[in-house]
Amino acid sequence: EKPSDALRFRRGQLANLLRDGQLPEECVPDVLGVLRDVQGLLLQEVGHARPPSSLGNKLSAASRRFLKRFRIRLNEVLKQFPELFEEAPPPVGSTPYVTLSARCLAG
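Quantities reported herein were computed from a predicted structural model and do not represent experimental measurements. (Residues numbered from 1 in each chain as written. Predicted model: local features only at pLDDT ≥ 70, side-chain atom pairs only at ≥ 80, totals over all residues. Heavy atoms only, no water.)

**Some points on the packing of aromatic side chains**
Overall, the coordinates contain one aromatic pair when judged by the stated rule. Aromatic pair Phe66 and Phe70: ring centres 4.9 Å apart, planes at 50°, arrangement tilted. For the pair shown, Phe66 and Phe70 are each scored as buried. (Phe/Tyr/Trp six-rings, centres within 6.5 Å; stacked < 30°, edge-to-face > 60°. Buried < 20%, exposed > 50% of the residue type's maximum accessible area, 1.4 Å probe, protein only.)

**Here's the deal with the side chain of Thr99**
In this structure, Thr99 sits in strand E3 (residues 97–100). The class for Thr99 is buried, based on a relative accessible area of 10%. At 2.8 Å, the side chain of Thr99 forms a polar contact with the backbone oxygen of His48. (Helix = DSSP H or I, 4+ residues; strand = E, 2+ residues; numbered from the N terminus. Polar contact = N/O pair within 3.5 Å; in protein donor to acceptor, adjacent residues only side chain to side chain.)

**Examining helix H2 (residues 28–44)**
Spanning 17 residues, H2 covers 25 Å between terminal C-alpha atoms, matching the ideal 24 Å at 1.5 Å per step. Tucked inside the fold, the buried residues of H2 contact strand E1 (49–50), helix H3 (52–55), helix H4 (61–69), helix H5 (74–78), strand E2 (85–88) and E3. (Expected span 1.5 Å × (residues − 1). Contact = heavy atoms within 4.5 Å.)

Don't take any of this as a statement about function, it's just geometry.
Listed below in structure tokens is the structure:
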């Protein structure tokens, strides 16, 4: 069991800590794991864009457990890293897509 397993947050609390740059050190590896999962999934997509809701079930089991345990939505995590991910207009419908930023794609 990892140290972060003992931490508990109210809904939105972890998102606030991320936004304020006060993420507990124990959570950093889990957040990085989520970011790596999303990046890998988007790199497999044509146009490198998908709605965040469609990515959640494709994340690794560890990333899904982290999001559930800390009661944070995937979109809330991605919004805190605009240098890596940005919103993209959807091809159809109104659900915004998430895409890799140009800076991230440039490598």
